[in-house]
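# Working through the structure, step by step
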Amino acid sequence: VYQVFESVAKKYDVMNDSMTLGIHRVWKDIFVHKMNPSPGTLLLDVAGGTGDIAFRFINYIRSARERQLQRKLKNHQNLSWQEISKSYQEDQFKSLGDSQVVVCDINKEMLKIGKQKAERLGYCEGLSWVLGNAEELPFDDDKFDVYTIAFGIRNVTRMDLALEEAYRVLKPGGRFLCLEFSRVSNPLLSRLYDLYSFQVIPVLGEVIAGDWKSYQYLVESIRRFPPQEEFKAMIEDAGFFKVDYQNLNSGIVAIHSGFKL
């Protein structure tokens, strides 16, 4: 698995767009909106080397802070122009408040690509990168408000250990969120999806990334991933409560959610 992601890292974003016709961007937007983080949230994004969830989280927090600031200024109509200007500049300087996102990935190449993207797109505040294994996270107990993993958990060797680690590093009241390919409910769509996955995606991998085998593996890993109800039970077995899931595009992907109470 490590070699697969080391091999595809440089073409990962291009391939995601090609394989999903760009829909993965919408799925990730929905994922972060479901998280609905508030200013001050400490997020751990595991297997997030490309930074896609981290950047969306930062954008979401910045928007929330901007709305807070607008409300604050509306409530202080009697302030002088100088006081309003000073207040605005102080709040703008800390556009994330105390929010932070830690991106943790086992693969150095994926982290390298993510860091390059962050520099290019201007993300630096409240963002850190850590090399680490989802099955043995290098963090203290009860540390994070939210744990996310998007299109990563199917690639860990022991999903049960990864879920237990997610539970361990979350604070009481913290939330687990997972975005992953899942089982399609519609039989006709399922057959078409299989045909596309096994006949088209490896060809795209060869044409775009020069790597047939890695994308053949990625397709097979999707098919081996447990269906929605089975994965829900695994999350509950790890200790999470109020576990549920939301299917997107008839179950091509699903968002699983749970809380550490």
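The name given to the chain in an unreviewed UniProt entry is 2-methoxy-6-polyprenyl-1,4-benzoquinol methylase, mitochondrial, with the source organism recorded as Apaloderma vittatum. Recorded under Function (unreviewed entry), the UniProt text for the chain is reproduced unchanged: "Methyltransferase required for the conversion of 2-decaprenyl-6-methoxy-1,4-benzoquinol (DDMQH2) to 2-decaprenyl-3-methyl-6-methoxy-1,4-benzoquinol (DMQH2)."

Here the focus is the nonpolar core. By size, the foremost hydrophobic cluster in this structure holds 33 residues, and its most contacted members are Trp-27, Val-101, Leu-127, Leu-179, Phe-181 and Val-253. Looking at this core, the element that brings in the most residues is helix H4 (residues 52–74), giving seven residues. In contact with Trp-27, not counting residues within four places along its chain, are Thr-20, Phe-151, Leu-179, Phe-181, Leu-248, Asn-249, Ile-252 and Val-253. Judged by nonpolar contacts, the second largest core, of 27 residues, contains Val-102, Ile-153, Met-159 and Ala-166.

Our focus in this paragraph is the pairing of strand S6 (residues 241–248). Inspection of the sheet shows S6 paired to strand S7 (residues 253–259) by six bridges, in the antiparallel sense. Each residue of the ladder has a partner; that of Asn-247, found in S7, is Ala-254. Hairpin connection of S6 to S7: four residues between the antiparallel strands, including Asn-249 at a positive phi of 50 degrees.

The rules behind these values
- Residues numbered from 1 in each chain as written.
- Predicted model: local features only at pLDDT ≥ 70, side-chain atom pairs only at ≥ 80, totals over all residues.
- Heavy atoms only, no water.
- UniProt positions renumbered as here; feature names shortened; annotations may be inferred.
- Core = buried A, V, L, I, M, F, W, Y, C linked by side-chain atoms within 4.5 Å.
- Buried < 20%, exposed > 50% of the residue type's maximum accessible area, 1.4 Å probe, protein only.
- Helix = DSSP H or I, 4+ residues; strand = E, 2+ residues; numbered from the N terminus.
- Contact = heavy atoms within 4.5 Å.
- Pairing = 2+ DSSP bridges.

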